[in-house]
Each structure stands twice: as structure tokens, then as C-alpha cells.
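Each chain, written out:
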Amino acid sequence: MTDKLPPLREVIREFDLRAKKSFGQNFLLDLNLTRKIARVAGDLSDSVVYEVGPGPGGLTRGLLAEGAKRVVAVEMDERCLPALEQISAAYGGALTVHKGDALEMDEPSLLGQSEGEKLRIASNLPYNVGTMLLIKWLTLPEWKPWFASLTLMFQREVAERIVAKPGNKAYGRLSVLAQWRGKVRIAVSVPAAAFTPAPKVASAVIHYEPCEPIDPLVKLKDLELVVERAFGQRRKMLRASLKSLPVDPLALLSAAGIKETSRAENLSVEEFVRLARVYGDMRT
Ligand code: SAM
């Protein structure tokens, strides 16, 4: 299905939507590209898609054209609202837009969910709050989470940190948080020139699906603490970097079966999870 709406360049001109840096605005104007991103999100016919920052609506139109049952969007810049209303009208009200800050949203109550519907998140995230939002969604206390998938555009460097494996210099806290109870990959590479205005760096779309945690008994707060301390001094051996924990680091490493001379950057996600489990047990 192709919509009968005007091209995005015209929309931007008509509603005077010049991109503002303060809102992290870099718009995608190529509807073939936004439809391609929408397809990464999966079968949308039974899905309610949550979109952060629709802007003039490039990705929104991609999601609707690819058959999303409903799209619920949160946009901070009120200048975009009239253009988004046009889209909603063209798609028979399948788009609902809330003005506000995505960091403050309680998404499940905003989205609602009927029998048989899946909730998904798809967004070309504003770079200034993108990582914060990702961490908000990856650290939900309830698992399985309310969303079935995340399809998110980040600066390439951030996307690489999310999917990085041990031994890679991008491997760190984001990699462990994204991989201990989810499957994640880079799905689309997007050159800087695809955006208006073009940012300085390339971007990439990641696709994430939650799964069973490696160890369901590990407490998220223990994992976050251990990972934070280990990567806080990533070049040091763990026997040194874990000294700031309130347990004997040598006893902890030995009980977890991890060499005291290992470094955070070489520890697998499974080993981090084991470390957190043993740490939690030692603290109780
Ligand atoms: N989705 C559009 C596209 O792909 O062309 C715009 C993407 S642009 C990178 C990010 C959008 O997020 C902007 O429209 C901006 O106004 C909006 N935004 C920035 N901070 C936000 C926040 N905290 N909550 C909701 N929207 C925000």
C-alpha cells in the first residue's frame, strides 16, 4: 500500500519543520528506506507500534504503509503535530500522537493492548536521549517485557556497542545488558547522507527481541553493579577492578570459576551473569 500523502520535503516546507538541533532532529525523507526499516520490525498486521519522535512522519508512514495495525507516537516538538494529524487522517485514525517527553512515558498504559495484539517499538531515536531510552527498556523489572521487539536507529558507534562481542573494543555495559536476555543484531546500515540534515556520522538500525535470561535467578541490580565496576576500569584485571565491591574479589572470582587475571573486555556475557549470580548469593 502506498499512501497519497505529499512527499516529505513538501510536508517539511508546508509546516515549516526546519530541523532543530535541540530536539536531536535528523529526518529520514526516503519512504523506501523507512519502509525497509519498518519491515525489519516484523509482521506488523497484529502489532501496535510505539514510535518515539515521529517528526514529520517518515518512519511513521513506513510503519503504516507496511500494515501496522496501530501506531502510537510520542513527539516533543509541537510543530510536527499538524503534519502528523494529516497522516492519521490518511490512515483512518490508525496513528495516535501524544505530545511529550518519551523518557517520562508509561508506555503500556499509553498503548493499551487488545487480545492477540503484539506491542513493538520502532523508532529513529533522537541521539540525545536514545541510549537512555534503550537502557530504560532493557532494564525493565518485569521479564518478559511488554514489548515483543525493538527496532531502533542509533549512531553506528552506539549500535556497534549494543551488538559487540567480547574482545571487541566496543564491548561493554550496553552489550551485556542487551545480550543477557535478548537477541540483537544490526539489521540496516544507514549512511549519514540519508538524513536531512546529514549528521557527521553514519547510523544503523538494530533489531532486538527479548528471550529467556541466561540465568533467570540473577538479579538485574547485581548484574548492573558487577558490569559497571568491571568496565569502570576495563583494562585492569578483574581482581583489581572488582575491589570496590563489598565482597572479597578473589573469593568471588574463584566461586564463579573465572580467572582473577581476566579483564572485563574478554569476559563473555555468560561469565558476567555467573559473576552476578555468585555476587548476589554472597551478599544474601
Ligand atoms: N522519526 C523521524 C524521522 O525518522 O525522520 C524523526 C527522527 S529525529 C532523529 C528524532 C525525533 O524525536 C524528532 O522529531 C524530535 O523532535 C523527537 N524528540 C526528541 N527528543 C524527544 C523526547 N525526549 N521525547 C519524544 N520525542 C523526542
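Structure's up top.
Definitions and cut-offs
Residues numbered from 1 in each chain as written. Predicted model: local features only at pLDDT ≥ 70, side-chain atom pairs only at ≥ 80, totals over all residues. Heavy atoms only, no water. Helix = DSSP H or I, 4+ residues; strand = E, 2+ residues; numbered from the N terminus. Rg over C-alpha atoms; globule rule 2.2 N^0.38 Å. Buried < 20%, exposed > 50% of the residue type's maximum accessible area, 1.4 Å probe, protein only. Contact = heavy atoms within 4.5 Å. Areas by Shrake-Rupley, 256 points an atom, 1.4 Å probe, with all protein chains shown as cover. Lys, Arg positive; Asp, Glu negative; His and termini not counted. Charge placed at Lys NZ, Arg CZ, Asp CG, Glu CD. Pairing = 2+ DSSP bridges. Axes fitted to C-alpha atoms, helices over the stretch in contact; angles between N-to-C directions. Parallel < 35°, antiparallel > 145°, perpendicular 65-115°, else oblique. Left-handed = near helix turned anticlockwise from the far one by under 90°. 1 Å grid on protein atoms, 1.4 Å probe; cavity = no way out; pocket = protein on both sides within 12 Å on 5 of 7 lines; lining within 4 Å. Points joined across faces, edges and corners; volume = space filled by probe spheres on them. Nonpolar A, V, L, I, M, F, W, Y, C, P; charged D, E, K, R; others polar.

S.K.: With reference to specific residues and values, describe the overall build of the protein chain.
M.R.: A count of helices and strands for the protein chain gives 12 helices and nine strands. Against the 2.2 N^0.38 benchmark of 19 Å for 284 residues, the protein chain shows a C-alpha radius of gyration of 21 Å, consistent with a compact globule. Oriented by its inertia axes, the alpha-carbon framework of the protein chain measures out at about 65 × 45 × 25 Å. Here the protein chain holds 284 residues, and the buried ones make up 52% of them. In the protein chain, the share of contacts with a sequence separation of at least 24, taken over all contacts with a separation of at least 6, comes to 69%. Carbon and sulfur atoms form 51% of the exposed surface of the protein chain, whose accessible area is close to 13200 Å². The averaged location of the 34 negative side-chain charges in the protein chain is 7 Å from the averaged location of its 40 positive side-chain charges.

S.K.: Talk me through the sheet that holds strand β7 (residues 182-190); I want residue IDs and the actual numbers.
M.R.: Across the sheet, which stays open at both edges, the seven strands sit in the order β4-β3-β2-β5-β6-β9-β7 with mixed pairing between neighbours. Among the strands making up the open sheet, the edge pair consists of β4 (95-99) and β7. The sheet shows a mean angle of 20° between the axes of neighbouring strands, direction not considered. Two elements, strand β3 (residues 70-75) and β4, share five bridges in a ladder whose sense is parallel.

S.K.: Talk me through the packing of helix α11 (residues 249-256) against helix α12 (residues 269-283); I want residue IDs and the actual numbers.
M.R.: Two numbers describe how α11 lies on α12: the axes approach to 9 Å, and their chain directions differ by 125°. Relative to α12, the element α11 lies oblique. As α11 packs across α12, the resulting crossing turns out to be right-handed. Counting all contacts with α11, which are made through Ala251, Leu252, Leu253, Ala255 and Ala256, the residues of α12 involved are Arg274, Leu275, Val278, Tyr279 and Met282.

S.K.: For empty space enclosed by the protein, give the residues involved together with the corresponding values.
M.R.: Under the defined criterion, the tally for this structure stands at one cavity of 30 Å³ or more. The space that makes up the largest cavity amounts to roughly 30 Å³. In terms of lining, the largest cavity is formed by Leu28, Ile37, Leu59, Ser123, Asn124, Thr151, Leu152, Met153 and Val205. Within the residue set of the lining of the largest cavity, elements represented by two or more residues are β5 (118-124) and β6 (149-155). Per-element accounting of the lining of the largest cavity gives the leading share, three residues, to β6. Along the lines of polarity and charge, the residues of the lining of the largest cavity split into six nonpolar, three polar and no charged.

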